[in-house]
Amino acid sequence: MLLLLLGIILLHVAALVLLFVSTIVNAWTSSEVGSSDLWMNCSIASGYHCEPASTGVWIQAVQALMILSIIFSCLSLILFFCQLFTLQKGGRFFLTGTFQILASLFVMSGGIIYTVMSPEWVPETHSFGYAYILAWVAFPLALISGLIYVILRKRE
């Protein structure tokens, strides 16, 4: 049981780290002349300079969804530790699982919006960067850990 709990915690922390990195790093799209993310657009064409990202509604929705996914995943981890010590024997971690599943749905929604709307904002010479891919990798990890939390029963 201890190894199972350790594995679930490591899966949860891995998803949380991926969410943090994908939200913070400036590499959602990249090319030889610059890169962009949710917050800044940087270019090295005429010296290295960065400008704030577009103020379009869709990019703000992606920003909000990524931040919500981090918040819900952090809350889920805190709830797991609280429920670990307060839940009765045989109880399930429904609240923890629900928050983690919501975090995964938020990151999925943000990734879908970015994928659909980025062609009208990102130049065609740019390709999706590693932060974008990390966000998509975080989605199944968070979903799987959330489902495991829902299935998991507390034992003594």
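To keep things clear, this report deals only with the structure shown in the data block.

Conventions and cut-offs
- Residues numbered from 1 in each chain as written.
- Predicted model: local features only at pLDDT ≥ 70, side-chain atom pairs only at ≥ 80, totals over all residues.
- Heavy atoms only, no water.
- Helix = DSSP H or I, 4+ residues; strand = E, 2+ residues; numbered from the N terminus.
- Polar contact = N/O pair within 3.5 Å; in protein donor to acceptor, adjacent residues only side chain to side chain.
- Contact = heavy atoms within 4.5 Å.
- Core = buried A, V, L, I, M, F, W, Y, C linked by side-chain atoms within 4.5 Å.
- Buried < 20%, exposed > 50% of the residue type's maximum accessible area, 1.4 Å probe, protein only.
- Pairing = 2+ DSSP bridges.
- Axes fitted to C-alpha atoms, helices over the stretch in contact; angles between N-to-C directions.
- Parallel < 35°, antiparallel > 145°, perpendicular 65-115°, else oblique.
- Left-handed = near helix turned anticlockwise from the far one by under 90°.
- Nonpolar A, V, L, I, M, F, W, Y, C, P; charged D, E, K, R; others polar.

**Considerations on the side chain of T96**
Following the sequence through the fold, T96 ends up in helix α3 (residues 94-117). Engagement of the side chain of T96 in a polar contact is seen with the side chain of Q83, the distance being 2.6 Å. Apart from residues no more than four positions distant in its own chain, T96 is found in contact with S76, L79, F80, Q83 and Y149.

**As for the nonpolar core**
Soluble globular proteins tend to pack their nonpolar side chains together in the buried interior. Formed by 21 residues in total, the largest nonpolar core has its most connected members in W28, L38, M66, Y114 and W121. At the level of elements, α1 (2-24), α2 (57-86), α3 and α4 (130-151) are the ones that each hand at least two residues to this core. The leading source of residues in this core is α4, at six residues. By size, the runner-up hydrophobic cluster in this structure holds 10 residues, among which are L16, L77, L84 and L152.

**Remarks on the environment of Y149**
Along the chain, the position of Y149 falls in helix α4. In this structure the C-alpha to C-alpha distance between Y149 and I101, which are 48 residues apart in sequence, comes to 9.4 Å. Residues in contact with Y149, not counting those within four places in the same chain, are I8, H12, S76, L77, F80, F93, T96, G97 and Q100.

**Re the sheet that holds strand β3 (residues 40-43)**
The antiparallel open sheet is built from five strands, whose spatial order is β4-β3-β2-β1-β5. Every other strand in the sheet has two partners, leaving β4 (49-52) and β5 (127-128) as the edge strands with one partner each. Across three bridges, the pairing between strand β2 (residues 34-36) and β3 is antiparallel. Note on β3: the bridge partner recorded for S36 is N41.

**Points about the packing of α3 against α4**
Orientation of α3 relative to α4, taken along the N-to-C sense of each, is 155°, at an axis distance of 8 Å. By the angle class used here, α3 and α4 are roughly antiparallel. The interaxial crossing formed by α3 with α4 has left-handed handedness. Its residues placed into classes, the contact of α3 with α4 shows 15 nonpolar, nine polar and no charged.

**Considering the pairing of β3**
Counted between consecutive antiparallel strands, the loop separating β2 from β3 contains three residues. Sheet topology places β3 next to β4; four bridges connect them, and they run antiparallel. Directly across from S43, in β4, lies its bridge partner H49. Counted along the chain from β3 to the antiparallel partner β4, the turn is five residues long, and its residue G47 has a positive phi close to 85°.

**Overview of the packing of α1 against α2**
Across the interface, α1 lies against α2 with an axial gap of 9 Å and an inter-helix angle of 160°. Considered as vectors, α1 and α2 are oriented roughly antiparallel to each other. Our pair here, α1 against α2, has a crossing hand that is left-handed. The residues of α2 that touch α1, namely those facing L5, I9, H12, V13, L16, L19, F20, S22 and T23, are M66, S69, I70, S73, C74, S76, L77, F80, F81 and L84. Taken together, the residues of the contact of α1 with α2 sort by class into 13 nonpolar, six polar and no charged.

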